[in-house]
Number of protein chains: 2
Amino acid sequence: MVKIITIGEDILGANDARARANKARLDASGIFTVNIMSSPGAGKTSLIMGTIKALRNKVGIAVIEGDVASSVDADKIAAIGIPVVQINTAGGCHLDANMVEKALDALPLEGIDLLFIENVGNLICPNAFALGEDQRVMISSLPEGDDKPYKYPAMFADTDVVLLNKTDLQPYLDFDPAAFRKVVTGLNPDVIIFPLSCKTGEGLPDWFAWLESAVRGKKKGGHGKNPGH
Amino acid sequence: MVKIITIGEDILGANDARARANKARLDASGIFTVNIMSSPGAGKTSLIMGTIKALRNKVGIAVIEGDVASSVDADKIAAIGIPVVQINTAGGCHLDANMVEKALDALPLEGIDLLFIENVGNLICPNAFALGEDQRVMISSLPEGDDKPYKYPAMFADTDVVLLNKTDLQPYLDFDPAAFRKVVTGLNPDVIIFPLSCKTGEGLPDWFAWLESAVRGKKKGGHGKNPGH
């Protein structure tokens, strides 16, 4: 059974304060938290499912799923025995810290080292709303085109990591990885970019290694790489 | 030179009235107007460019381009000699009728039979804002996955036409066209679906024929297929 939280009211003004409170609560439990953002269909759920499969025997994992409607993604995650809470935003185009606070109330934080928050599929609004995460991870996929950083610059400027997904489709697309990287690093010089394919597994080990290291760093008493978020 | 309009203030309450006024203005000029909506990177600009190439010798075409930032798409359209106005929403996640009204002021309506309005790349908000269009055309692309109608049902329920783009990638994806069609027609029994590839041209002639027929129908004094929008 997936727990479903439907949000009717959103207090926008208090978002940053609530995000800091969420972060303090997650810090107290030593939980490394990742806010995953992307366009619809870029591969957020596939990435989370693949990462769970690779790391679940090493670290305790839980997931908060954000969607406009439905619980199809949360159902997939619940089916493999991972604690998951679904947030339905009832038309809202991003998660906010208030929604995540309610989700944390519904999650067993005991034994969790790594929390994925899958944001609503959207390249416009989610970056403006801190949730209490340590790191922001944006997925951009090759079929979307190498011009997306020009068109949605705030999302690319505001993330810590970019996962460039669906590299298996490179032979069939006019996607220029060097042009993409140049614009992204121009917007965001400190960004980390991992090219990968959730379908073939190419590139995933580098992401897993980076993530596992970050989780262990936080367990040792760190506060994640971006406590300011 | 591309004209750029940056929208600072948006009067939401008056949207429907303004959309009706835009529609009346376009009706008076016999201009068939299409509101094109999709996820980022689904192929809105490629579809518009391909359709211009196919139909420009038969019908007068103009374009209104909506983006959060940049004028890269409008630049492409201006470069092939088609009248175009860029609207930058300054972070707003959809176009509205007020923005389109200002764009119409900046367009030469004389000699135009077909107006494309390319909405902001987003599967959540655009369907809630009528612009004055005759028809809503949503582009969904195979790499986004066949589950998108479950996750963004309002967009699929509120459109007149779905263009299922990037069919050339079918051999490399786990996309089930029958499952997609079943959910979309369940949400929207009257929808017209055209599978096509803007890259290879497969399926485009059916879309061109449908569109040209609709444009000619409006020129003969019709009011488009959905005057209620």
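Cut-offs and rules
- Chains are numbered independently. Their residues run from 1 in the order of the written sequence.
- Key to labels: chains lettered from A, ligands numbered from 1, both in the order written.
- The model is predicted, so local features are restricted to residues of pLDDT at least 70 and side-chain atom pairs to those at 80 or more, both for listing and for counting; the totals for chains, interfaces and linings are taken over all residues.
- Excluded from the side-chain calculation are hydrogens and water; included are all heavy atoms of the structure.
- Note on conventions: DSSP H or I runs of at least 4 residues are helices, E runs of at least 2 residues are strands, and numbering of each starts at the N terminus.
- Radius of gyration means the value over C-alpha atoms here, while the globule rule gives 2.2 Å times the residue count to the 0.38 power.
- Only protein chains enter the area calculation, which uses a 1.4 Å probe; residues under 20% of their type maximum are buried, those over 50% are exposed, and those in between are partly exposed.
- Contact definition: two residues touch when any of their heavy atoms are within 4.5 Å.
- Computed by Shrake-Rupley with a 1.4 Å probe, the accessible areas treat only the displayed protein chains as cover when residues are assessed.
- Definition of a polar contact: a pair of N or O atoms within 3.5 Å, with one able to donate and the other able to accept a hydrogen when the atoms are protein atoms, and with sequence-neighbouring residues admitted only if both atoms are side-chain atoms.
- A 1.4 Å probe defines the accessible area here, and the buried area is the portion of it lost by two parts on being joined, summed over both.
- Whenever a carboxyl oxygen of Asp or Glu lies within 4 Å of a side-chain nitrogen of Lys or Arg, that contact is scored as a salt bridge.
- Amino acids are sorted into nonpolar (Ala, Val, Leu, Ile, Met, Phe, Trp, Tyr, Cys and Pro), charged (Asp, Glu, Lys and Arg) and polar (every other residue, Gly among them).
- For every element, the axis is a line fit to its C-alpha atoms; helices are fit only across the contacting stretch, and the angle between N-to-C directions ranges from 0 to 180 degrees.
- Oblique is the label for any angle not under 35 degrees, not over 145, and not in the 65 to 115 range, which are roughly parallel, roughly antiparallel and roughly perpendicular in turn.
- Should the near helix be turned anticlockwise from the far one by less than a right angle, the crossing is left-handed, and should it be turned clockwise, the crossing is right-handed.
- Our superposition of the copies is a least-squares fit, built on the C-alpha atoms of residues whose pLDDT is at least 70 in both.
- Here a helix's expected span is defined as the number of its residues, less one, multiplied by 1.5 Å.
- Taken from the helix axis, the directions to the C-beta atoms give the arc we talk about.
- For Phe, Tyr and Trp, where Trp contributes only its six-membered ring, two rings pair if their centres lie within 6.5 Å, and the inter-plane angle classes them as stacked under 30 degrees, edge-to-face over 60, or tilted in between.
- To count as a disulfide, a pair of cysteine sulfur atoms needs to be within 2.5 Å.
- Strands qualify as paired when DSSP identifies two bridges or more between them.

Q: In this structure, what is going on with the overall build of chain A? I would like to understand it.
A: Helix and strand content of chain A: 8 helices and 8 strands. Computed over its C-alpha atoms, the radius of gyration of chain A comes to 16 Å, within 12% of the 17 Å expected for a compact globule of 229 residues. The dimensions of chain A, computed from C-alpha atoms along their principal axes, are 45 × 40 × 35 Å. Looking at chain A as a whole, 58% of its 229 residues are labelled buried. A sequence separation of at least 24 residues applies to 75% of the contacts in chain A between residues at least 6 apart. When the accessible surface of chain A is summed, it comes to about 8600 Å², and 54% of that surface belongs to carbon and sulfur atoms.

Q: Whenever I open this one, helix H4 (residues 97-106) of chain B confuses me. Can you help?
A: In an α-helix, one full turn covers 3.6 residues, which means residues spaced three or four apart are oriented alike. Those residues of H4 of chain B not exposed but buried are Ala97, Asn98, Met99, Val100, Ala103 and Leu104 of chain B. The distance from a side-chain oxygen at the start of H4 of chain B to the backbone nitrogen of Asn98 of chain B is 3.0 Å, and the residue carrying that oxygen is Asp96 of chain B.

Q: In this structure, what is going on with the interface of chain A and chain B? I would like to understand it.
A: In many reports, interface size means the accessible area that the parts give up when they come together. At the interface, 35 residues of chain A touch 35 residues of chain B. With both sides pooled, the region where chain A packs onto chain B buries about 2500 Å², and carbon together with sulfur makes up 60% of that total. Three residues stand out in chain A for area buried against chain B, namely Ile124, Lys151 and Tyr172 of chain A, and they jointly supply 25% of the buried area on that side. Our count for the contact surface shared by chain A and chain B stands at 4 salt bridges. Between Asp67 of chain B and Lys151 of chain A there is a salt bridge, and its shortest N-O distance comes to 3.4 Å. Among the secondary structure elements, those contributing two or more residues to the side of chain A that touches chain B are helix H3 (72-79) and helix H5 (148-151) of chain A. Within the side of chain A that touches chain B, the residues separate by chemical class into 16 nonpolar, 8 polar and 11 charged.

Q: Quick question: what am I supposed to make of the environment of Asp160 of chain B here?
A: All names here are of chain B. You can see Asp160 is positioned in the loop between helix H6 (153-157) and strand S7 (161-165). With relative accessibility at 14%, the residue Asp160 sits in the buried group. For Asp160 and Pro126, which are 34 residues apart along the polypeptide, the C-alpha to C-alpha distance reads 14 Å. Within the structure, the side chain of Asp160 is placed 2.7 Å from the backbone nitrogen of Arg136, a separation counted as a polar contact.

Q: Please clarify how the packing of helix H1 (residues 15-28) of chain A against helix H4 (residues 97-106) of chain A should be interpreted in this entry.
A: When two helices pack together, their arrangement is captured by the angle between the axes and the distance separating the axes. All names here are of chain A. Two elements in contact, H1 and H4, have axes separated by 8 Å at closest approach and are oriented at 30 degrees. Judged by the inter-axis angle, H1 sits roughly parallel to H4. With respect to the hand of their crossing, H1 and H4 are arranged in left-handed fashion. Counted together, Asn15, Arg18, Ala19, Asn22, Arg25 and Leu26 of H1 and Ala97, Asn98, Val100, Glu101, Leu104 and Asp105 of H4 form the full contact between these two elements. Among the residues making up the contact of H1 with H4, the classes are represented as 5 nonpolar, 3 polar and 4 charged.

Q: Can you walk me through the relation of the copies chain A and chain B in this structure?
A: Two copies of one chain are present, and they are related through a rotation about an axis combined with an axial shift. Overlaying chain A with chain B gives an RMSD of 0.0 Å, the required rotation being 180 degrees about an axis along which the chain moves by 0.0 Å. Look at the turn and shift together and you get a two-fold axis relating the two. Counting the interface residues of chain A, we find that 100% of their copies in chain B are interface residues as well, pointing to one common contact surface.

Q: So what exactly am I meant to see when it comes to the side chain of Asn35 of chain B here?
A: All names here are of chain B. Mapping Asn35 onto the fold places it in strand S2 (residues 32-38). A distance of 3.1 Å separates polar atoms of two side chains, one belonging to Asn35 and the other to Asn119. Contacts of Asn35, omitting those with residues within four sequence positions, involve Ile117, Asn119, Phe129, Leu131, Glu133, Gln135, Arg136 and Val137.

Q: Please explain H1 of chain A as it appears in this structure.
A: All names here are of chain A. An ideal rise of 1.5 Å per residue puts 20 Å on 14 residues; H1 measures up with 20 Å between its terminal C-alpha atoms. Along H1, the residues classified as buried are Asn15, Ala19, Asn22, Lys23 and Leu26. Seen end-on, H1 carries its buried residues on one side only, within an arc spanning 100 degrees. Opposite the buried face of H1, at more than 90 degrees from it, the exposed residues are Arg20 and Ala28.

Q: So what exactly am I meant to see when it comes to the packing of aromatic side chains here?
A: Remark: the centre distance and the inter-plane angle together describe each pair of aromatic rings, the angle taken between the planes. Residue and element names in this part refer to chain A. Within this structure, the stated rule accounts for 11 aromatic pairs over all chains. With a centroid separation of 5.5 Å and an interplanar angle of 45 degrees, the aromatic rings of Phe175 and Phe180 are classed as tilted. Residue classification places Phe175 among the buried residues on the basis of a relative accessible area of 5%. Within the aromatic cluster, the residues linked to one another by ring pairs are Phe156, Phe175 and Phe180.

Q: What is the right way to look at the state of the cysteines in this model?
A: Here a disulfide denotes one covalent bond, and it connects the sulfur atoms of two cysteines. All chains considered together, the criterion is met by 0 disulfides over all chains. This cysteine, Cys125 of chain A, is not joined by any disulfide, and Cys93 of chain A carries the nearest cysteine sulfur, 3.2 Å off.

Q: Mind showing me how you'd approach the pairing of strand S6 (residues 135-141) of chain B here?
A: It is a general feature of regular strands that their side chains alternate between the two faces of the sheet. Residues and elements named next belong to chain B. With 7 of its 7 residues buried, S6 lies for the most part within the structure. Where burial is concerned, the two faces of S6 agree: the one with Gln135, Val137, Ile139 and Ser141 and the one with Arg136, Met138 and Ser140 are both buried. Bridge analysis of S2 against S6 gives 5 bridges, and the strand direction is parallel. From the neighbouring strand, Ile36 faces S6, where its bridge partner is Val137. Bridging between S6 and S7 involves 5 bridges; their strand directions are parallel. Pairing of Met138 across the sheet is with Val162, part of S7.

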